[in-house]
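Structural characterization, general
Chain residues, written in single-letter form:
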Amino acid sequence: MKTTPTTFQTAFEEDVYKGLTSFPKYLLSKYIYDQKGDKLFQQIMAMPEYYLTNCELIILKHHKAAIADIINKEGGFDLIELGAGDGKKTKVLLQHLVDKKYDFNYLPIDISQHVLEELESSLKDEIPEVNVKIQQGTYFKTLENLADYSNRRKVILVLGSNIGNLLHENAIEFLRNIQEAMTAEDKLFMGFDQKKDPQKILDAYNDKTGITEAFNKNLLARINKELDADFNLDNFKHWEVYDPESGTAKSYLVSKVQQKVAINKLELEVNFDAWESIHTEISQKYDDAVVEWLAEEAGLEIQTSFQDNENCYKNYIFRK
Ligand code: AVI
């Protein structure tokens, strides 16, 4: 193995190097999302096992009027969505806000310009009354510059239990960054997947059709493509565990054989023992006590929450 290169051209290079030279090995789940990863995630959201999408959709459909009542105030507002994706769930709320003739702008933010353009054009067809302004960028950068493009009361929307991909420590930092960008008038509306039957969680992250496996392995495919590496994807097994005590689902890629992988762009050769793992993602599941604790640590207060009949998933409204 070579010594650490002194300069990396991208954060991706540096993070891959760090993760695969650590013990135990890991890769960061944010790198799953290139164009192929985005597509695979869309497929995951459409799978019957991936209950999260449907639960949140049901909550939005049932409670859209109550939600709109809380977020709407005189003088109008900017609805800022972090990690907007295809906007399927958000459109339920947007349609209601339009029907009620509420005064608002919709500002979806996503890391993928491609995803944003598709969302913008689908909105033109489906709900042309919505005044939409897309913004490409990472959550953190965008939150820093929020004042540059929103000067009205803000309602910040984070759906899909996206916060679950962060360790508690990072989730608190994320919430605190949002809190710092908010005024006392603003609201945060966020989805948190709840603790439930462990089997249901394992099934959602380990579908028989292999979509989640391909999604997880897209990390290796991306390293092959962008860093000139020779991972053989068939030599790795997708493995999911869920700890009902901590509420943490963890994804791994496990090497089925003893093998060496060359990552040419990093001048790195990575050795894997048979059955050695790469930790790739966490998907945290919550209960009220944990959400209250996260909020308090971040300087936020839960105003109210909405849940589905099976208490599978919850959307909380926070204020500062
Ligand atoms: C985006 N995020 C909330 C998904 C989740 O449930 O953790 C990503 C995902 N990973 C596997 N399936 C879906």
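For the structure, see preceding data.
Residues numbered from 1 in each chain as written. Predicted model: local features only at pLDDT ≥ 70, side-chain atom pairs only at ≥ 80, totals over all residues. Heavy atoms only, no water.

**Here's the deal with helix H1 (residues 11-20)**
Cut-off, in case you're wondering: Buried residues are those whose accessible area, probed at 1.4 Å on protein chains only, stays under 20% of the maximum for their type, while exposed residues exceed 50% and partly exposed ones sit between those limits. A run of DSSP states H or I qualifies as a helix once it reaches four residues; a run of E qualifies as a strand once it reaches two. Both are numbered from the N-terminal end. Two residues form a contact once any of their heavy atoms are found within 4.5 Å.
Most of H1 sits inside the fold, with seven of its 10 residues counted as buried. What H1 keeps buried is the set Phe12, Glu13, Asp15, Val16, Tyr17, Gly19 and Leu20. As for H1, its buried residues are in contact with strand E1 (25-26), helix H10 (211-227), strand E10 (259-263), strand E11 (268-272) and strand E12 (277-284).

**Some words on the environment of Gln135**
Summarising the element assignment, Gln135 is placed in strand E5 (residues 135-136). On the basis of relative accessibility, which here comes to 27%, the residue Gln135 falls in the partly exposed class. Taking C-alpha positions, Gln135 is 11 Å from His114, a pair spaced 21 residues apart along the chain. Setting aside residues up to four positions removed in sequence, Gln135 forms contacts with Pro108, Ile109, Asp110, Leu116, Thr142 and Tyr149.

**Observations concerning the site of the ligand**
The cut-off we apply is this: Any residue with at least one heavy atom within 4 Å of a molecule or strand is counted as near it. For this analysis, a polar contact is any N or O atom pair within 3.5 Å, provided that within protein one partner can donate a hydrogen and the other can accept it, and provided that sequence-adjacent residues contribute only side-chain to side-chain pairs. In this description, accessible areas are obtained by the Shrake-Rupley approach with a 1.4 Å probe, and a residue is regarded as covered only by the protein chains that are shown. Basically, the charged four are Asp, Glu, Lys and Arg, the nonpolar ten are Ala, Val, Leu, Ile, Met, Phe, Trp, Tyr, Cys and Pro, and anything else, Gly included, counts as polar.
Taken together, Tyr33, Phe41, Ile44, Tyr50, Gly160, Ser161, Asn162, Asn165, Tyr205, Phe215, Glu281 and Ser283 make up all the residues around the ligand. Between the ligand and Tyr205 there is a distance of 2.5 Å, counted from an oxygen atom to a side-chain nitrogen or oxygen. About the coverage of the ligand: the protein hides 97% of its 340 Å² of free accessible area. At the level of elements, helix H2 (35-45) and E12 are the ones that each hand at least two residues to the shell around the ligand. Looking at side-chain class alone, the shell around the ligand contains six nonpolar, five polar and one charged residues.

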